[in-house]
Amino acid sequence: MSASSHSNPAHAWRDLPHHEPPKRSPADRLADFLEIYGSFDEETARQEARRCIQCPEPQCVAMCPFGNRIPEWLLLTAEGHFVEAATLCAQTSVLPEICARLCPQDCLCEAGCILAEKSAPVAIGSIERFLNDYAARHGLEPAQPAPRNGCKVAVLGSGPAGLACASELERRGYAVTVFESHSTPGGLLVSGVPAFKLDKSVVEYRLEHLRKRGVEFRLGMKAGADLTFDRLRQEFDAIFLAFGAPRARKLEVPGADLVGVVPALPFIIRHNTGLPVEVPQADVAGKRVVVLGGGDTAMDCLRTAIRAGAREAVCICRRDEAGLRANRREYENAVEEGARFRFQTLPLEVIGDPEGRVAGLRCARVEPAPVGEGTATPQPIPGSEYVEPADLVLVAYGFEASPSAYLNQLGELARDERGSVMVDEHLMTSVPGIFAGSDLVRGPGLVVQSVRDARRAAAEIHAYLDQRRLRENWADQTDHVASE
Ligand SMILES: Cc1cc2nc3c(=O)[nH]c(=O)nc-3n(C[C@H](O)[C@H](O)[C@H](O)COP(=O)(O)OP(=O)(O)OC[C@H]3O[C@@H](n4cnc5c(N)ncnc54)[C@H](O)[C@@H]3O)c2cc1C
């Protein structure tokens, strides 16, 4: 059933109450690492979807990186046609149940909702979550492999970019093998984003779906080390590189090497998953934890530390509250859970005790960074120095592509000075047939950007292999004519 076959709902949003998704109380959610939001029930999803006024030029669509057909699936939801709505939603979004949970909708689709000017925007993200949870519960997504076209593609890395690219290529008939260096697939969706934002069963659902459609996962295989690129190039018609940006930016102040200065990601992994990590255990129970940084990773660290029993969790970031890079919703969740913030503050030195353990941070206040300002270090305001007591310092300054030695096997692979892989307008690297995208190319970003890159890369790989097939057919035909 197409959305256009339904009549427009009355523009009655003024009379319809806005619904927020169910959310656990801070006291309840601090007792575990489970997701804090629940799904709408059917009636609430319908009521909230009814608020959409079906704009003629919907800005929610324009602001969605996938161009999701939001008003159409909201209309179907309002009318109770959940199956059709979920099917339409999945047509443009490859990992919809994951994006519904992780996208910063307040600066994407919901920021484009015209109701935001007069009331609360339609809760698009929560309705998307409801629809996709509904589809998963009722086993609605077709799980048969598409007819094969005879070509094989290797996807290196199983984060959101790798999974999305594999999904898009499989739909087009490619035999896809995903190589993943870890023993668990999912990339940062599993070993980064905490379970209180994204339950791991949601990722497992998507992985299982891909397996059923015939995508092969080869785990514990580090491309370039366990498997040479030469071998991969012989075995596969094209390759998509989706290694992510795993190298953590360091704290570069005196004392940064003291015991108790710990990188953010292994700390989050250790507390949110059972995955092995290579750094010593950082026990936070009863401790005063200071988190450095103002992005999503910093928020996740604060909230993880509080759940793990920290006495206090304090965030030090150089921006002001309005300029915080983290998702607003997650910042507010961190505040609700008891995190405290020192805005416009810069660490100058980590202070140690006589045993060489962290005891505090010498900090200074700074002017707020101008809008659009990059990473230039602001100047401390004279006389504003103070000491922030700390038992543990978690460094959450973001990530960059790692100039790993194994990529050197691809001698001709062009990279920029930060180690990020360079691609042309078709997302092809300087090595023909090898494509790349997501954090490995752009640096750290959002899941929605990873998925968008991956979908584009899949389309470009398809076009490249199609052209190759045409050239080969043409060469066969000319040989045939010549031999007659
Ligand atoms: C703590 C944290 C919280 C975040 N929260 C959010 C959020 O709320 N919302 C949001 O939109 N984004 C969030 N992000 C960002 C998001 O997770 C990333 O942008 C996204 O995961 C990048 O996807 P990717 O596929 O490029 O890389 P990754 O997810 O990093 O996956 C790369 C994969 O490649 C594998 N790999 C690397 N080298 C090799 C090799 N040689 N051979 C085989 N495999 C290899 C790695 O093991 C990994 O599994 C968060 C990130 C972090 C760290």
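For the structure itself, look to the data block above.
Residues numbered from 1 in each chain as written. Predicted model: local features only at pLDDT ≥ 70, side-chain atom pairs only at ≥ 80, totals over all residues. Heavy atoms only, no water.

Observations regarding the sheet that holds strand β4 (residues 238-241)
Convention followed: Here, a strand pair is defined by DSSP locating no fewer than two bridges between the strands. Segments assigned H or I by DSSP are reported as helices when at least four residues long, segments assigned E as strands when at least two residues long, and all are numbered from the N terminus. The angle between two axes is taken between their N-to-C directions and runs from 0 to 180 degrees, where each axis is a line fitted to C-alpha atoms and a helix contributes only its stretch in contact. We call two residues contacting when some pair of their heavy atoms lies within 4.5 Å.
Here we have five strands laid out as an open sheet, ordered β3-β2-β1-β4-β15, and parallel in their pairing. The open sheet is flanked by β3 (216-219) and β15 (434-436), the only strands paired with a single partner. Strand-to-strand twist in this sheet, taken as the mean axis angle between neighbours without regard to direction, amounts to 20 degrees. Summarising the sheet, β4 and β15 pair through three bridges and their orientation is parallel. Looking at the pairing, I239 lines up with I434 of β15. Sheet strands touched by helix α9 (residues 160-171): β1 (152-156), β2 (175-180), β3 and β4. Its angle to β2, the strand with the most contacts, is close to 170 degrees.

Let's talk about the side chain of N132
Put simply, the rule is: When a residue's accessible area, from a 1.4 Å probe over protein chains only, is under 20% of the maximum for its type it is buried; when over 50% it is exposed; and in between it is partly exposed.
Inspection of the secondary structure puts N132 in helix α8 (residues 124-137). Here N132 falls in the buried class, since its relative accessible area comes to 6%. The residues contacting N132, other than those within four sequence positions of it, are C89, P96 and E97.

Considerations on the site of the ligand
Basically, it comes down to this: For each residue, the test is whether any non-hydrogen atom lies within 4 Å of the molecule or strand; if one does, the residue is near. Any pair of N or O atoms that falls within 3.5 Å is considered a polar contact. Within protein, one atom must be able to donate a hydrogen and the other to accept it, and sequence-neighbouring residues count only if both atoms are side-chain atoms. For every accessible area listed, the method is Shrake-Rupley and the probe measures 1.4 Å; residues are considered covered only by the protein chains on display. Side-chain classes are defined by residue name, with Ala, Val, Leu, Ile, Met, Phe, Trp, Tyr, Cys and Pro counting as nonpolar, Asp, Glu, Lys and Arg as charged, and the others, Gly among them, as polar.
Surrounding the ligand, one finds 34 residues, the nearest of these being E180, K197, A223, S438 and V447. Within the side chain of K197, one N or O atom sits 2.8 Å away from an oxygen atom of the ligand. S438 is positioned with one of its side-chain polar atoms (N or O) 2.5 Å from an oxygen atom of the ligand. Notes on the ligand: free accessible area 1000 Å², of which the protein chains cover 94%. Broken down by secondary-structure element, the contributors of at least two residues to the shell around the ligand are α9, β2, α13 (264-272), α14 (296-307) and α17 (447-483). The dominant element in the shell around the ligand, judged by the number of residues it contributes, is α14, at three residues. The residue makeup of the shell around the ligand, split by class, is 16 nonpolar, 12 polar and six charged.

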